[in-house]
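# Coordinate analysis (summary)
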Amino acid sequence: GLFNALLEGAHDECFALVVNAAGKSGRLEDQLVDILAELFDFLRDRQAIIRLAFATAFATEKERPLVLAHDERRKRYFRFMRKLVVAGLERGELNPAHSIHALTSGIYGALYFH
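Residues numbered from 1 in each chain as written. Predicted model: local features only at pLDDT ≥ 70, side-chain atom pairs only at ≥ 80, totals over all residues. Heavy atoms only, no water.

This next bit is on the pattern of salt bridges. As enumerated under the stated definition, the model contains nine salt bridges in all. The partner of K24 in a salt bridge is E38, with the nearest N and O atoms 3.6 Å apart. Here E38 lies in helix α2 (residues 28–45) and K24 lies in the loop between α1 (2–22) and α2, a separation of 14 residues in the sequence. Under the relative-accessibility criterion, K24 is labelled exposed at 52%. Connected through salt bridges with shared partners, the residues R27, E29 and D30 form a single ionic network. (Salt bridge = Lys/Arg side-chain N within 4 Å of Asp/Glu carboxyl O. Helix = DSSP H or I, 4+ residues; strand = E, 2+ residues; numbered from the N terminus. Buried < 20%, exposed > 50% of the residue type's maximum accessible area, 1.4 Å probe, protein only.)

Shown next, in the form of structure tokens:
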């Protein structure tokens, strides 16, 4: 329970920062820059909990705790990024030759890779 509470709290705090950062601008490029700035600060300031979250996310099924209550929290980041991508496509800020899923995966993946 404590393990899940720690990760859920970190996910909730980070997601609120991401949503707030994205709301500062109406242009996708600016939104992504603002999101990255918030994420970098968050990651820098909370390295221990972030290591735990990433270790859990990339662990094999046998290495994970039996119950993980934060999977839905992780999925909402992708859905939120998808929403930003759709809006960016509608405003003509992204190349429509690429699918929404490919664009979202690329942006989301780059954020988390860094």
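Anyway, onward from the coordinates.
Let us look at the packing of α1 against helix α4 (residues 71–90). Geometrically, a packed helix pair is captured by the angle between its two axes and the distance between the axes. Where α1 contacts α4, the two axes come as close as 10 Å, and the packing angle between them is 10°. With respect to α4, the axis of α1 lies roughly parallel. When α1 is examined against α4, the residues E8, H11, D12, C14, F15, V18, V19 and A22 are found in contact with a partner set consisting of R73, R74, R76, Y77, F80 and L84. The residue makeup of the contact of α1 with α4, split by class, is eight nonpolar, one polar and five charged. (Axes fitted to C-alpha atoms, helices over the stretch in contact; angles between N-to-C directions. Parallel < 35°, antiparallel > 145°, perpendicular 65-115°, else oblique. Contact = heavy atoms within 4.5 Å. Nonpolar A, V, L, I, M, F, W, Y, C, P; charged D, E, K, R; others polar.)

Quick look at the layout of surface pockets now. Quantified by volume, the largest pocket comes out at close to 470 Å³. Lining the largest pocket are 20 residues, with H11, A53, F54, Y108 and Y112 sitting closest to its centre. Elements that contribute at least two residues to the lining of the largest pocket include exactly α1, α2, α3 (47–57), α4 and α5 (100–113). In terms of residue count, the dominant contributor to the lining of the largest pocket is α3 (five residues). Within the lining of the largest pocket, the residues separate by chemical class into 17 nonpolar, two polar and one charged. (1 Å grid on protein atoms, 1.4 Å probe; cavity = no way out; pocket = protein on both sides within 12 Å on 5 of 7 lines; lining within 4 Å. Points joined across faces, edges and corners; volume = space filled by probe spheres on them.)

Attention now moves to the nonpolar core. Counting 25 residues, the largest nonpolar core has V18, I35, M81 and L84 as its most contacted members. Mapped onto this core, the elements with two or more residues apiece are α1, α2, α3, α4 and α5. Element by element, the count of residues in this core is highest for α1, at seven residues. Leaving out residues up to four positions away in the same chain, V18 has contacts with I35, L39, Y77 and F80. (Core = buried A, V, L, I, M, F, W, Y, C linked by side-chain atoms within 4.5 Å.)

Glancing now at the environment of G109. As for its position among the elements, G109 is in helix α5. Since its relative accessible area comes to 32%, G109 is described here as partly exposed. C-alpha of G109 to C-alpha of F78: the two residues are 31 residues apart in sequence and 9.5 Å apart in space.

Tracing the backbone shows T104 in helix α5. Excluding anything up to four places from it in sequence, T104 contacts F78, M81, R82, V85 and G109.

The subject of this paragraph is the side chain of S25. By the element assignment, S25 lies in the loop between α1 and α2. A relative accessible area of 19% places S25 in the buried class. Engagement of the side chain of S25 in a polar contact is seen with the backbone nitrogen of R27, the distance being 3.1 Å. Apart from residues no more than four positions distant in its own chain, S25 is found in contact with D30, Q31 and D34. (Polar contact = N/O pair within 3.5 Å; in protein donor to acceptor, adjacent residues only side chain to side chain.)

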